[in-house]
Amino acid sequence: MVTFHLVLKLGTLLAGACHVASASAFPGGAGHGKPADSLVAASWYAGWHADDVPLATVSWSKYTHMTYAFAETAPSVHELSLSDSDATFLQQFVSTAHTHGVKALVSVGGWTGGLYYSTDVGSAENRTAFVKTITQLATKYNLDGIDFDWEYPNSAGIGCNQVNADDVAHFLSFLQELRADPIGAKLFLTAATPVLPWSDASGNHATNLTGFGTVLDYVAIMNYDVWGPWAATAGPNAPLDDACVADPATQAVGSAVSAVNAWHATGIPYNKIVLGVAGYGHSFRVKPADALPQGANGPLASYPVFDAADQPLGDKWDDPNPGPDVCGNPQGAGGAFDYWGLIEGGFLYADGTPAAGISYSFDACSQTPYVYNATSQVYIAYDDAKSFAAKGAFIEKTGLRGFAMWQTGGDYKDTLMNSIRGAAGFA
Ligand SMILES: *[C@@H]1O[C@H](CO)[C@@H](O)[C@H](O)[C@H]1NC(C)=O
Ligand SMILES: *[C@@H]1O[C@H](CO)[C@@H](O)[C@H](O)[C@H]1NC(C)=O
Ligand SMILES: *[C@@H]1O[C@H](CO)[C@@H](O)[C@H](O)[C@H]1NC(C)=O
């Protein structure tokens, strides 16, 4: 199981992706007693979708932070690459965010952009050089912060990342050095993480990441792509909980609840954890007898078998023929549907209710919906206003710092955004 940012421009399906605008106070919750920090409402803005997501259409007033994706690591520690993400447009992005009182960050890495993270932080000399590379990027583009989206330390992610057993320790040393820099000291620093803590030098999930909680403003746990077309069966893209699944041995592989517990247990305070949420779902080709085991009018199965050789094409941001990935491996359509894509594709009406002829179920454990077209045999596990409300309530109850959505352009008329904001305690 992997968690990553799908780089849909590349059509990938990758086996296993400020001035604070809102003055609302941190809600506390669960008696954590950390009052001061204000809630975070963030999303990642994919630079390659700029034409489809004009800055003028972004609901800036609903955000506190917006993170531009991606600056990719490069063979030289002195360089980052914005070649897939329009460097000129980044300047407009930052100035527009600032006009609206929203903090502007750039995310470094991503699923395809982290090949050289390990060497960038791999020696004392490189860490010093990389601090300079990062602070120069921040200065050049007038950034408020940097998001480190390393997928993943001591794990090859897409498959051809440089890897070093000491990646986690090197990463922390680098962040500490960045914090000691006069420019780095003022930056808002975040990290996008998988659902399970990074692997330390032992090769096991780290048990003490306290140091990261000190140097980072927050970690954003990417609680999505938990299930997708690389998995053995269909399943929820972004489960809220997995302690309640019917078959824990095969189905309890990650969720917001278990991920927050795991990261908190490493020493990251709740108010430094932001829940990564998904404005999209994954599609699977599922036979009617498997999708609807109790017949056409019964509930949808939550973990049906699917035909991995017949991946449905997703919405118009999906690419049926993306060519090889950055590691040179062949790839096909990703099959992702953004929330607007479910409406455009005829699965949902504009108000989010299932269209006539479409089967719909809301899975009680994962607290996420599914839709199914028995004619096309397309089955989609996704998120909607109801599942975002459940996640927002969890954020509020647990005393998390807020949420970050992949990606800004995935929503439809702020349906998801309004739901999670309301439930998480934004005014
Ligand atoms: C330091 O960075 C350079 C690239 O600029 C790289 O070739 C070298 O392997 C790195 N050193 C370590 C120890 O990772
Ligand atoms: C955990 O890490 C912190 C910071 O790196 C260190 O100060 C602390 O002693 C460690 N705790 C344990 C139990 O190893
Ligand atoms: C279901 O799929 C069939 C076959 O692709 C298509 O003709 C039909 O319009 C779809 N139904 C809905 C409600 O979108």
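What counts, and at which threshold
Residues numbered from 1 in each chain as written. Chains lettered and ligands numbered in written order. Predicted model: local features only at pLDDT ≥ 70, side-chain atom pairs only at ≥ 80, totals over all residues. Heavy atoms only, no water. Helix = DSSP H or I, 4+ residues; strand = E, 2+ residues; numbered from the N terminus. Buried < 20%, exposed > 50% of the residue type's maximum accessible area, 1.4 Å probe, protein only. Near = heavy atom within 4 Å. Polar contact = N/O pair within 3.5 Å; in protein donor to acceptor, adjacent residues only side chain to side chain. Areas by Shrake-Rupley, 256 points an atom, 1.4 Å probe, with all protein chains shown as cover. Nonpolar A, V, L, I, M, F, W, Y, C, P; charged D, E, K, R; others polar. Pairing = 2+ DSSP bridges. Axes fitted to C-alpha atoms, helices over the stretch in contact; angles between N-to-C directions. Disulfide = S-S within 2.5 Å.

Colleague: Looking at this structure, I do not really get unusual backbone geometry. What am I missing?
Modeller: For the bond from alanine 69 to phenylalanine 70, the omega torsion is -5°, close enough to zero to count as cis. Mapping phenylalanine 70 onto the fold places it in strand β2 (residues 65-73). A cis geometry characterises the amide bond from glutamate 151 onward to tyrosine 152, with omega recorded as 5°. Here tyrosine 152 shows up in the loop between β5 (145-149) and α4 (167-180). The phi dihedral of aspartate 225 is positive, around 60°, even though this residue is not glycine. Tracing the sequence through the fold places aspartate 225 in the loop between β7 (218-222) and α6 (248-251). Residue lysine 413 is not a glycine yet carries a positive backbone phi of 50°. Residue position: lysine 413 is located in the loop between β14 (402-406) and α11 (415-424). On the basis of relative accessible area, lysine 413 is assigned to the exposed category, the value being 70%.

Colleague: Looking at this structure, I do not really get the site of ligand 1. What am I missing?
Modeller: Neighbouring ligand 1 are the residues Pro75, Ser76, Val77, Thr119, Gly122, Ser123 and Asn126. Residue valine 77 places a main-chain N or O atom 2.9 Å away from an oxygen atom belonging to ligand 1. Note that an oxygen atom of ligand 1 is positioned 2.3 Å from one of the side-chain N or O atoms of asparagine 126. If ligand 1 stood free it would expose 360 Å²; the protein chains cover 53% of that surface. In terms of residue class, the shell around ligand 1 is built from 2 nonpolar, 5 polar and no charged.

Colleague: Explain the sheet that holds strand β10 (residues 336-338) here, please?
Modeller: Sheet strands pair via backbone hydrogen bonds, and the direction of the pair is either parallel or antiparallel. The 5 strands are arranged β10-β9-β13-β12-β11 in an open sheet whose pairing can be described as antiparallel. For this open sheet the edge positions go to β10 and β11 (359-363), each flanked by a neighbour on one side alone. The mean inter-strand angle of the sheet, taken between neighbouring strand axes irrespective of direction, is 25°. In this sheet, strand β12 (residues 368-373) lies alongside β11 in antiparallel orientation, the contact comprising 5 bridges. Looking at β12, one finds that phenylalanine 362 is bridged to proline 369.

Colleague: Sorry, what's going on with the state of the cysteines here?
Modeller: Among covalent bonds in proteins, the disulfide is the one between the sulfur atoms of two cysteines. On inspection of all chains with the given rule, the structure shows 2 disulfides. With a sulfur-sulfur separation of 2.1 Å, cysteine 244 is cross-linked through a disulfide to cysteine 365. Judged by the sign of its S-S torsion, about 85°, the cystine formed by cysteine 244 and cysteine 365 is right-handed. Taken together, the residues span a long stretch of sequence, with cysteine 244 in the loop between β7 and α6 and cysteine 365 in the loop between β11 and β12 at a distance of 121 residues. The class of cysteine 244 is partly exposed, set by a relative accessible area of 43%. Here the bonded cysteines of the chain are numbered in sequence order, and their pairing is 1-3, 2-4.

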